[in-house]
Protein chains: 2
Amino acid sequence: MNKLKIGIIGLGTVGTGVVKTLKNVDSVEIVKIAVKNINKPRGVELSQGILTDNPYDIINNPDIDVVVELIGGVEPAWEYISASIKNGKHIVTANKELLAKKGEELFNLAEEHNRVCLYEAAIAGGIPIIMPIKTILAGNKINKIQAILNGTTNYILTKMDANGASYEDVLKEAQELGYAETDPTGDVEGYDAAYKITTLATIAFKQRIKIENVYREGISKVRKEDMKEASELGYKIKLIANASIDDNGNADVRVHPMLVSQKTMLAHIDYVTNAVAMSGHPIGNIVLSGPGAGEFPTASSVVGDILAIQAEFGKTDYMLPMMRCHHSAKANPVNIDDTFNKYYISITAPNAIGVIAKIGTICANKNISLASIMQKEVLENNTANITVITEKCQERLIKEVVNELDNCTVNSLIRVAEG
Amino acid sequence: MNKLKIGIIGLGTVGTGVVKTLKNVDSVEIVKIAVKNINKPRGVELSQGILTDNPYDIINNPDIDVVVELIGGVEPAWEYISASIKNGKHIVTANKELLAKKGEELFNLAEEHNRVCLYEAAIAGGIPIIMPIKTILAGNKINKIQAILNGTTNYILTKMDANGASYEDVLKEAQELGYAETDPTGDVEGYDAAYKITTLATIAFKQRIKIENVYREGISKVRKEDMKEASELGYKIKLIANASIDDNGNADVRVHPMLVSQKTMLAHIDYVTNAVAMSGHPIGNIVLSGPGAGEFPTASSVVGDILAIQAEFGKTDYMLPMMRCHHSAKANPVNIDDTFNKYYISITAPNAIGVIAKIGTICANKNISLASIMQKEVLENNTANITVITEKCQERLIKEVVNELDNCTVNSLIRVAEG
């Protein structure tokens, strides 16, 4: 058998997992690994001379068939990947940010040079999702995705729920345990999940989604009181990456916290686990869950992509028709203000008397139905905490409601998932 | 584009779903459909002259590239499939019984004739599982599967749990609703799930599992009292298809009811939904869930397989290396008596006094630790109901325990899933 020759750029956690995993794969040979510092000790045994601090030793190496990019971020990853494609290499990457920001350019360049770029590891870590969409689910028209795509935020929300703890306390603990970074912004403000859903929706809907059209809200404003209320009402609060598309190509893609019913699978996806729920025709609803990150799960996906290229390599000039990224058109973005959602609203009212009536009137005037309204005991200072769950209504109107509740404090406004 | 030309044998529920779904797929042409009765009205619009009552109009048709077998059962399906392969056709099938009983012959024949047989629809309906194992998970060594593979039994168990109803009552209702057949044996006694786990374990472990080595126990003895006890102890009772393999190729493959912790995903797979939990390295644990049967979900998998063949068709002589069924060796079967499990035992003891001590002594003499033992109120006739959960012990020993509880009635003995 002709071995597939690969070069790896980046030997961090995922790169190390890939190298370890490929030790048991005879059909693939690692020719070179580019790192920043070739003298740094590594957690894996490496052949003499395999390391280089010059990525162009890989990019310009005519022996290398596939470049595996595992450094992340837009630059210099994009420089390396685009140069590699121009040099005739296939690409395997785990770089969700690059895919979200440069995906269109990247796949056009790959197509132009008759090369493929596979990226199973970039979305939901080890969960098989991209390849299944391109292959066994190819006969489907997928029109809805609800997913938990960020392990850090899911860990924080799970811990807040389990321990009745505040966001700040759990974040600190997560940082100490290494589940959250020192600057957690990328995770907790939803950027990471937004990158992932952008690419996932593009491939599932076969329509290009632009990252700048993806609405994004993080978890830093979720209060422990919201977790408790949600739980009592039969929900959990999760950071959900949503994407839906209608028959006219109007795509509503967004990341924000949501109340999800405890009757759904997503409510039971805890800690760093990820999950993707998808609906379409003819498949119906499926949920795929598993480890969303980590050395080995991510390596599983990177190695799966490498083996997919290896299996077809050299057979024909135009390989891997099902592995290319096809999107026939650009989706029309839907503004968040135009979307319809159910809402959870937590309100502190200054005076218990009449406040329920006031909330009811404001909503009724806008034709917003209430699914439930709950007032607990009146507090010492004669304020009352009130929790409202609305029926489906337009985001624009619910923002007006919040504005009109002028002498109340709206503690939280969180969207509620259907079903 | 060259259209892929297919013939379909069987136009029942799944066949009809496939024909409907392929109406939106330009790259595939249905040349012929073989049915028993060409005059029977069909739930889908068909081209004039497309039906035949002679499957050999498909098998011997030189224009047809792929034969889609959707009649089920061993014969005449095996006759049609083997003749088709010999005539140079690729095969797509949803036939779990044939795969379990004739898989080895079938894949050898396909290999010999350089053809592939794809069967995503045969295992877990619409859930993408076979293709992902062969492609994106190819770098993994999968060593454990726990799955809910039969919708009928899962429906019955879910209903028994939700309504506190007996097996007999729910079965009757399921039969009325069409979820269970008039003769429900194939489902309720675990044959269907056994067929599926045989093939799933073979492909996941890359070792041939023989159906005659798969231990099988159905759900007809599960009592409503067991459901209640299990629920109180934090479990659900599910019909679980288990498969595990050790590094020496010893494979323990079986289907039986199990108590599964409510903390696991499988406990939340309700009604006709199916799920497959798999563990391996480097992936870790993943759970894939979705519709296990039905016209459209199953059609999704059949069409996915057809499109996978279509994507590669005619490119090279030896197509689809990742889509072939590879198993390097035959697994060594493990006898159920040699396996280690946790057990739930429901006992009715004639005399409350001393019975706990007796159970404890019998178990202690065999070095079996008890995780919990619970005696509820003593009944009017001075009998007592006692529920025991053991720690892990050998099946052989637990059978001895049951025998030695000679003046008690052992109502139920059900294995308990770990974790």
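These numbers were taken from a predicted model, which means no experiment stands behind them. (Residues numbered from 1 in each chain as written. Chains lettered and ligands numbered in written order. Predicted model: local features only at pLDDT ≥ 70, side-chain atom pairs only at ≥ 80, totals over all residues.)

A. Main features of the overall build of chain A. When helices and strands are counted, chain A shows 13 helices and 20 strands. For 419 residues, the compact-globule estimate of 2.2 N^0.38 gives 22 Å, and the C-alpha radius of gyration of chain A, at 24 Å, lies within 12% of that figure. Taken along the three principal axes of its C-alpha coordinates, chain A extends 80 × 45 × 30 Å. Relative to its full complement of 419 residues, chain A shows a buried share of 52%. For chain A, long-range pairs separated by at least 24 residues make up 75% of all intrachain contacts whose partners lie at least 6 apart in sequence. (Helix = DSSP H or I, 4+ residues; strand = E, 2+ residues; numbered from the N terminus. Rg over C-alpha atoms; globule rule 2.2 N^0.38 Å. Buried ≥ 20, exposed ≤ 12 C-beta atoms within 10 Å, placed from the backbone. Contact = placed C-beta atoms within 7 Å.)

B. Up close: the domain arrangement of chain A. Residue and element names in this part refer to chain A. Segmenting chain A into domains produces domain 1 (4–125 + 295–330), domain 2 (130–291) and domain 3 (336–416). Between the C-alpha centres of domain 2 and domain 3 the distance comes to 25 Å. Contact residues are listed per partner, giving 14 residues for domain 2 and 11 residues for domain 3. Mapped onto the side of domain 2 that touches domain 3, the elements with two or more residues apiece are helix 10 (224–232) and strand 11 (250–261). (Domains from an automatic or database assignment.)

C. Broad picture of the packing of helix 1 (residues 13–22) of chain A against helix 11 (residues 295–312) of chain A. Residues and elements named next belong to chain A. At a closest axis distance of 8 Å, the pairing of helix 1 and helix 11 adopts a crossing angle of 65°. Pair helix 1 / helix 11 crosses with right-handed handedness. Every residue of helix 11 that contacts helix 1 at Thr13, Val14, Thr16, Gly17, Val18, Thr21 and Leu22 is listed here: Glu295, Phe296, Thr298, Ala299, Val302 and Val303. (Axes fitted to C-alpha atoms, helices over the stretch in contact; angles between N-to-C directions. Left-handed = near helix turned anticlockwise from the far one by under 90°.)

D. Just the nonpolar core, in detail. Core analysis: the largest hydrophobic core is formed by 282 residues, its most contacted members being A:Val68, A:Ile197, A:Ile306, B:Val68, B:Ile197 and B:Ile306. For A:Val68, the contacting residues outside a window of four places in its chain are A:Ile6, A:Ile8, A:Ile9, A:Val18, A:Val92, A:Val302 and A:Ile306. (Core = buried A, V, L, I, M, F, W, Y, C linked by C-beta atoms within 7 Å.)

E. Spatial organisation of the interface of chain B and chain A. With 42 residues of chain B in contact, the opposing surface of chain A contributes 42 residues. Counting residues per element, the ones that place at least two in the side of chain B that touches chain A are helix 1 (13–22), helix 5 (130–134), strand 13 (284–291) and helix 11 (295–312) of chain B. It is helix 11 of chain B that provides the largest number of residues to the side of chain B that touches chain A, a total of 10 residues. Classifying every residue of the side of chain B that touches chain A by side-chain character gives 24 nonpolar, 16 polar and two charged. The pairing of strand 13 (residues 284–291) of chain A with strand 13 of chain B spans three bridges and is classified as antiparallel. (Nonpolar A, V, L, I, M, F, W, Y, C, P; charged D, E, K, R; others polar. Pairing = 2+ DSSP bridges.)

F. Looking closely at the pairing of strand 16 (residues 340–349) of chain A. Residue and element names in this part refer to chain A. In this structure, strand 16 lies alongside strand 19 (residues 393–394), joined through two bridges in antiparallel fashion. Opposite Phe340, over in strand 19, you have Gln394 as the bridge partner. As defined by bridge partners, strand 16 adjoins strand 18 (residues 384–390) across six bridges and the pair is classed as antiparallel. Of the residues in strand 18, the one forming a bridge with Ala349 is Ala384.

G. Inspection of the sheet that holds strand 4 (residues 66–69) of chain B at higher detail. All names here are of chain B. Spatially, the six strands line up as an open sheet ordered 3-2-1-4-5-6, and their pairing is parallel. Bordering the open sheet on either side are strand 3 (51–52) and strand 6 (117–118), each of which pairs with just one other strand. Relative to strand 5 (residues 90–93), strand 4 runs parallel, the two being bridged by four bridges. Across the sheet, residue Val66 finds its bridge partner in strand 5, namely His90. Helix 1 contacts strand 1 (4–9), strand 2 (28–34) and strand 4 of the sheet and is inclined by roughly 155° relative to strand 2.

H. Quick look at the relation of the copies chain B and chain A. Superposition of chain B onto chain A requires a rotation of 180° combined with a translation of 0.0 Å along the rotation axis, giving an RMSD of 0.0 Å. One copy is carried onto the other by what is essentially a two-fold rotation axis. Residue B:Leu288 of chain B places its C-alpha closer to the rotation axis than any other residue of that unit, at 2.2 Å. The share of interface residues of chain B whose copies in chain A are also at the interface is 100%, consistent with both copies meeting through the same surface. (Least-squares fit on C-alpha atoms with pLDDT ≥ 70 in both.)

I. Spatial organisation of the sheet that holds strand 4 (residues 66–69) of chain A. Residue and element names in this part refer to chain A. Overall, parallel pairing links the six strands, which are arranged 3-2-1-4-5-6 in an open sheet. Sheet topology places strand 3 (51–52) and strand 6 (117–118) at the edges, where each strand pairs with a single neighbour. Examined bridge by bridge, strand 2 (residues 28–34) and strand 3 share two bridges and lie parallel to one another. Bridging from a neighbouring strand, Ile33 pairs with Leu51 of strand 3.

J. Seen up close, helix 1 of chain A. Residue and element names in this part refer to chain A. Extensive coverage of helix 1 is indicated by the burial of eight of its 10 residues. Of all the residues in helix 1, the buried ones are Val14, Gly15, Thr16, Gly17, Val18, Val19, Thr21 and Leu22. The inward-facing, buried residues of helix 1 contact strand 1 (4–9), strand 2, strand 4 and helix 11.

K. Molecular detail of helix 10 (residues 224–232) of chain B. Residues and elements named next belong to chain B. Buried within helix 10 are the following residues: Asp226, Met227, Glu229 and Ala230. Seen from one end, helix 10 has its buried residues packed into an arc of 170°, which puts them on one side. On its buried face, helix 10 is in contact with helix 6 (151–163), strand 10 (235–245), strand 11 (250–261), strand 16 (340–349), strand 18 (384–390) and strand 20 (409–416). Positioned one or two residues after helix 10, Gly234 has a phi angle of 90°, which is positive. (Arc of directions from axis to C-beta.)

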